[in-house]
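Coordinate inspection notes
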Amino acid sequence: MPITTPTRRGLLAGGGALATTLAAPAVHAAGYPNQPIRLIVPFPPGGTVDVTARLVMGKVAELLGGNVIIDSAPGAGGNVGTQRVARATPDGYTLLFTAPNHTINPSLTPNSGFDPERDFIPVSLVAQIAELLIAPRAAPFTTFADFVTHARANPGKLTYSSAGIGSHPHVTMELMLKRLGLEVLHVPYRGAAPAFTDLVAGRVQLKLDSLATSAASLAEGSIRALAIASKERSPKLPDVPTIAEHGLPGFEGILWMGVVAPAGTPAEAIAALSRALMAAARDPEVMARLDRSGVEPVGTTPEEFRAIIAREIPLWRQVIRDANIRPE
């Protein structure tokens, strides 16, 4: 499937947003869709969420026999792009490729400009990746149990980095620390890259990261994986225990990625999109390419995705209150 990236002039004319058209060779079918679909990704290009969106939606465009325009609209921790979709015409032609910021931001910033349940219809959770607790090679502990022992003996002396206040790794880490009864200082960065760089350099001792971004450093031995925040051990890291194995049964920290539409979007459009997204997530080529990136394809029904969103909203609200997390 050809991927066409606009020229620099086209980017400037569009207000700086990066838009990529995923064009399918198939003939348009009668009914929906009968015009290009615009998918807003509220994060910068090149990250795990953006790459996953482009891969999955390329297959969706092929399945629907139409075009999907990928439009990057980063800013305010995902709020800029999310607000844009919340205000869009609910006709099935403007969608949002979102992540846990969707359930975190309304509690972090009450004036975020959207309600994750009232203003959107879930379409499908298409992929996910478990958070991995990592430490630099020089950290004063080598296992998760050693970390807990060291942190209890040295309250407030260890530090962990994150991509920023209210990011998914931040709130997930605070949830874990709360349940373990540990005090570790949060050091927020402006983005995941500098947070990871300082972790590798030993300037901070801990970070929740994804296998997609930490795999190379794990392979070269500059960092250690202490535990993974998934229900079961990862086949890619079979010797790394889950956090749940260390006295926190049921604990998960999952960076999910899914599609939602503006409230009021016609049911037939939601149904068509949901079928296409589930099929795309199960496509062998898509599955293989996601797996190489450490991303797990899922593909849920709208109802299953709605249940996940409804469960996370009160969870993150409580974590934000308990940890007294305030936006920058």
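Higher on the page you've got the structure.
Parameters and conventions
Residues numbered from 1 in each chain as written. Predicted model: local features only at pLDDT ≥ 70, side-chain atom pairs only at ≥ 80, totals over all residues. Heavy atoms only, no water. Core = buried A, V, L, I, M, F, W, Y, C linked by side-chain atoms within 4.5 Å. Buried < 20%, exposed > 50% of the residue type's maximum accessible area, 1.4 Å probe, protein only. Helix = DSSP H or I, 4+ residues; strand = E, 2+ residues; numbered from the N terminus. Contact = heavy atoms within 4.5 Å. Phe/Tyr/Trp six-rings, centres within 6.5 Å; stacked < 30°, edge-to-face > 60°. Polar contact = N/O pair within 3.5 Å; in protein donor to acceptor, adjacent residues only side chain to side chain. Axes fitted to C-alpha atoms, helices over the stretch in contact; angles between N-to-C directions. Parallel < 35°, antiparallel > 145°, perpendicular 65-115°, else oblique. Nonpolar A, V, L, I, M, F, W, Y, C, P; charged D, E, K, R; others polar. Salt bridge = Lys/Arg side-chain N within 4 Å of Asp/Glu carboxyl O. Pairing = 2+ DSSP bridges.

Here is a general trend for soluble globular proteins: nonpolar side chains tend to be buried in one another's company. By size, the foremost hydrophobic cluster in this structure holds 37 residues, and its most contacted members are Ile37, Leu39, Val56, Val60, Phe97 and Leu277. Going through the elements one at a time, strand E3 (37–41), helix H2 (48–64), strand E4 (67–72), strand E5 (94–98), strand E6 (120–136), strand E11 (254–262), helix H9 (267–281) and helix H10 (284–292) are the ones with two or more residues in this core. Examining the composition of this core, we find that 8 residues originate from one element, H2, more than from any other. Ignoring any residue separated from it by four or fewer positions in sequence, one finds Ile37 in contact with Tyr32, Leu64, Asn67, Val68, Ile69, Gly92, Tyr93, Leu95 and Leu273. Counting residues in hydrophobic clusters, the runner-up holds 32 residues, among them Ile104, Val171, Leu177 and Leu206.

Let us now look at the packing of aromatic side chains. In this structure the tally under the stated criterion is 5 aromatic pairs. Here Phe114 and Phe120 contribute two aromatic rings whose centre-to-centre distance is 6.1 Å and whose plane-to-plane angle is 80 degrees, an arrangement assigned as edge-to-face. For the pair formed by Phe114 and Phe120, the shared burial category is buried. When the ring of Trp256 is compared with that of Phe305, the centres are 5.4 Å apart and the planes differ by 80 degrees; the resulting orientation is edge-to-face. You can see Trp256 sitting in strand E11 and its partner Phe305 sitting in helix H11 (residues 302–322), a full 49 residues away along the chain. We note that Trp256, like Phe305, is buried. Connected via pairs of aromatic rings, a cluster forms that spans Phe141, Phe144 and Phe147.

Moving on, we come to H10. The backbone nitrogen of Glu285 lies 3.1 Å from a side-chain oxygen of the residue at the head of H10, namely Asp283. Just downstream of H10, Gly294 is the residue with a positive phi angle, here 80 degrees.

Time to look at the packing of H2 against H10. It is the contact of H2 with H10, at a shortest axis distance of 10 Å, that shows an interaxial angle of 175 degrees. Comparing their axes, H10 and H2 come out roughly antiparallel. Residue-level inspection shows Thr52, Leu55, Val56 and Lys59 of H2 in contact with H10, the latter providing Val286, Arg289 and Leu290. For the contact of H2 with H10, a count of residues per class yields 4 nonpolar, 1 polar and 2 charged.

Our focus in this paragraph is the side chain of Ser162. With respect to the helices and strands, the residue Ser162 is situated in strand E7 (residues 159–162). Of note is the side chain of Ser162, whose polar atom sits 2.7 Å from the side chain of His186. Other than its neighbours up to four places away in sequence, Ser162 contacts Ser167, His170, His186, Val187, Pro188, Tyr189, Gly191 and Ala195.

The tally for this structure, following the rule as stated, stands at 10 salt bridges. A salt bridge links Arg118 to Asp119; the nearest nitrogen and oxygen atoms lie 3.0 Å apart. According to the relative accessible area criterion, Asp119 is buried, its value standing at 16%. Connected through shared salt-bridge partners, Arg38, Asp71 and Arg84 make up one network.

On to the pairing of E5. For E5, the tally of buried residues reaches 5 of 5 residues, placing the bulk of the element in the interior. Covered by surrounding structure in E5 are Thr94, Leu96 and Thr98 together with Leu95 and Phe97, the residues of both alternating faces. One ladder, built from 3 bridges, connects E3 with E5; its direction is parallel. Its bridge partner lying in E5, Arg38 is registered against Thr94. As judged from the 3 bridges shared by E5 and E11, these two strands associate in the antiparallel manner. For Thr98, the partnering residue across the bridge sits in E11 and is Gly258.

The next subject is the pairing of E11. Counting buried positions along E11 gives 9 out of 9 residues, so the element sits mostly inside the fold. With 9 bridges connecting them, E6 and E11 associate as antiparallel partners. Directly across from Ser124, in E11, lies its bridge partner Val259.

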